[in-house]
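Results of the structural survey
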Amino acid sequence: MPGLVDTHIHASQYSYAGTALDLPLLQWLTTYTFPVESQYTDLEFARRVYTQVVKRTLRNGTTTACYFATIHTDASLLLAQIANDFGQRALVGKVCMDRNGALEHYKEGTQESLDETSRFIRELLKRKYLLVKPVMTPRFAVSCSGELLLKLSEIAKNNNLHIQSHISETKEEVKLVKQLFPDLETYTDVYNEHNLLTDKTIMAHGCHLSDKELELFHKKGTSLAHCPNSNISYVHGSIYPYQTFAQHTATALAYGSDLSSIYLSVCLCLNAYYVETTYNVEMQWLCSGLLDVHKVLSHKVKLGLGTDVAGGYSASMLDAVRRARDTSKALTIMDPTRVPLTFEETFRLATLGGSQALSMDGQTGNFEVGKDFDALRVNVAVPDGPIDLVQYDGPKILLEKFLNMGDDRNILEVYVAGRKVVPIE
Ligand code: GUN
Ligand code: FE
């Protein structure tokens, strides 16, 4: 089958994937994400994590990955080198952020961000990797000033680069962006006014985009990365900080309290208070949102799937395929007139859809004559694998079985541009 395309993954967050999912987005960023990302001044740490994430995603059949790294140029270049060495097709982004970093040591000055981004692009292009390219990566409108957004779009244009960011992931974030850019009507307008919506732009999430915003996406040829695991992963926020405190203390007590868990709940309480007062938003008892894929497709907006590690806990695109169907079924439960996604549709999103979303469908996404050979050799009934019996037969049934029940044990070989990259030597 064609290779899987992960249109949105934070390589730098892989070390804590599967944990730290107990806070809503803005608190999650300041409590867990920024402290970890600030460790990438350490190139040995970077090498360890980046090697693991590239190997893990390749083994799980990700032939193309669109990566966020961190604000650090040298570590981001290292990620590009590692992807190239292992033979993965990749877009790699040095993250840009010049405000609301919350931790003073995890943000850049505006000029510093521009200079380092230029250095990152220059260095990466100089290496002439065949399959690894830079992608302009303003983290999201909350952490970038208008000046930075505008100047980054100029650099992207001058170098004909892809662009990636986040949009409309949670309702609090949407509210906050409105406060930060009071003159602009919508979140989509913020990126559009700063010339960041192009036909090589991919925005993650978009759970709360209006029809009007989706129309603008269509007009600009801009894509969305649907990250279903992430969208249903972050859990209990609270309306008031003391609720966060109460929740965490209760959890600590339930699991046999010790002083460190009580200490953690005090910290989280203070952090919630800090985020709510600095950002002036109310944290809500909600997951991020459920993206209505059929609505997006009805606007003819290009759409791929993403794992969004570590907001999503799995680095496997097979998980993204399953969660995308779960999300669409949840929407059908809420409104039975909605039709859930079929497995054929999610298969398409994970392959050709992702390739289109990254503007690579001239080269990848299926087995049309003339395209590069990005492929998986799958054995559904591998001994000691997760699938024991196949009652019904036929290629479509086998594909369905693999997408729903398979894992990396079923993926015997992975090819990128005709080169065998799994098994990894
Ligand atoms: N929005 C801004 N930064 C991030 C991030 O690292 N992960 C997710 N899921 N959303 C974000
Ligand atoms: Fe993300």
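Let me begin by describing the structure that accompanies this report. (Residues numbered from 1 in each chain as written. Chains lettered and ligands numbered in written order. Predicted model: local features only at pLDDT ≥ 70, side-chain atom pairs only at ≥ 80, totals over all residues. Heavy atoms only, no water.)

Concerning the packing of helix α13 (residues 317-334) against helix α14 (residues 343-357)
What counts here: Think of each axis as a best-fit line through the C-alpha atoms, taken over the contacting stretch in the case of a helix, with angles from 0 to 180 degrees between the N-to-C directions. Helix numbers and strand numbers start at the N terminus; a helix is a DSSP run of H or I with at least 4 residues, a strand a run of E with at least 2. Throughout, the term roughly parallel applies to angles under 35 degrees, roughly antiparallel to angles over 145, roughly perpendicular to angles from 65 to 115, and oblique to all others. Definitions for this section: a left-handed crossing has its near helix turned counterclockwise from the far helix by less than a right angle. A right-handed crossing has that turn clockwise. By definition in these notes, contact holds between two residues if any of their heavy atoms fall within 4.5 Å. In this classification, the charged set is Asp, Glu, Lys and Arg, the nonpolar set is Ala, Val, Leu, Ile, Met, Phe, Trp, Tyr, Cys and Pro, and all remaining amino acids, among them Gly, are polar.
Between α13 and α14, whose axes approach to 10 Å, the crossing angle comes to 135°. In terms of their interaxial angle, α13 and α14 are classed as oblique. Between α13 and α14 lies a crossing of right-handed hand. Between α13 and α14, the residues in contact are Met317, Val321, Ala324 and Arg325 and Phe343, Thr346 and Ala350, respectively. Across the contact of α13 with α14, the residue classes break down as 5 nonpolar, 1 polar and 1 charged.

Quick look at the environment of Asp85
Selection criterion: We call a residue buried when its accessible area falls under 20% of the maximum for its residue type, exposed when it is over 50%, and partly exposed in between, using a 1.4 Å probe and counting protein chains only.
In this fold, Asp85 is placed in helix α3 (residues 73-86). Looking at Asp85, the relative accessible area reads 44%, which means it is partly exposed. For the pair Asp85 and Val54, spaced 31 residues apart in the sequence, the C-alpha separation amounts to 9.8 Å.

Points about the packing of aromatic side chains
Using the following cut-off: Stacked, edge-to-face and tilted labels apply to pairs of Phe, Tyr and Trp rings (six-membered ring for Trp) whose centres lie within 6.5 Å, assigned for plane angles under 30 degrees, over 60, and everything in between, in that order.
Applying the stated criterion across every chain, the model contains 7 aromatic pairs. Arranged with centres 5.5 Å apart and planes meeting at 25°, the rings of Tyr187 and Tyr191 form a pair that is stacked. Pair noted here: Tyr187 and Tyr191 are both in helix α7 (residues 187-193), with a separation of 4 residues, about one helical turn. For the pair shown, Tyr187 and Tyr191 are each scored as buried.

Notes on the coordination of the iron ion (ligand 2)
For the record, the criterion: Only nitrogen, oxygen and sulfur atoms within 2.8 Å of the metal, or 3.2 Å for Na, K and Ca, are treated as donors, and water is left out, so sites may look incomplete. Any site counts as irregular unless it has four donors with all angles between 85 and 135 degrees, making it tetrahedral, or four or six donors with opposite ones more than 155 degrees apart and the rest between 65 and 115, making it square planar or octahedral.
For the iron ion (ligand 2), the full set of protein donor atoms is His8 (NE2), His10 (NE2), His166 (NE2) and Asp308 (OD), and the range of their distances to it is 2.1 to 2.3 Å. The coordination sphere of the iron ion (ligand 2) comprises 4 donor atoms, whose angles at the metal cover 90 to 174°; the geometry is irregular. All donors to the iron ion (ligand 2) come from one chain, and their sequence spacing reads H-x1-H-x155-H-x141-D. In this pair, His10 is assigned in strand β1 (residues 4-10) and His166 in strand β6 (residues 162-167), connecting sequence segments 156 residues apart. Of the two residues examined, His10 and His166, each falls in the buried class.

Looking at helix α15 (residues 395-405)
Every α-helical turn comprises 3.6 residues, leaving residues that sit three or four positions apart pointing alike. Quick note on the threshold: The arc in question is traced by the directions running from the helix axis to the C-beta atoms.
Looking at α15, one finds that the buried residues are Leu399, Phe402 and Leu403. One side of α15 carries all its buried residues, which in axial view fall inside an arc of 95°.

Looking at the nonpolar core
Which entries qualify depends on this criterion: By nonpolar core we mean a set of buried residues, namely Ala, Val, Leu, Ile, Met, Phe, Trp, Tyr and Cys, connected to one another through side-chain atoms within 4.5 Å.
Ranked by size, the top nonpolar core spans 104 residues in total, and within it Tyr50, Tyr67, Tyr191 and Leu224 carry the most contacts. Judged by nonpolar contacts, the second largest core, of 11 residues, contains Val5, Leu91, Ala204 and Ala225.

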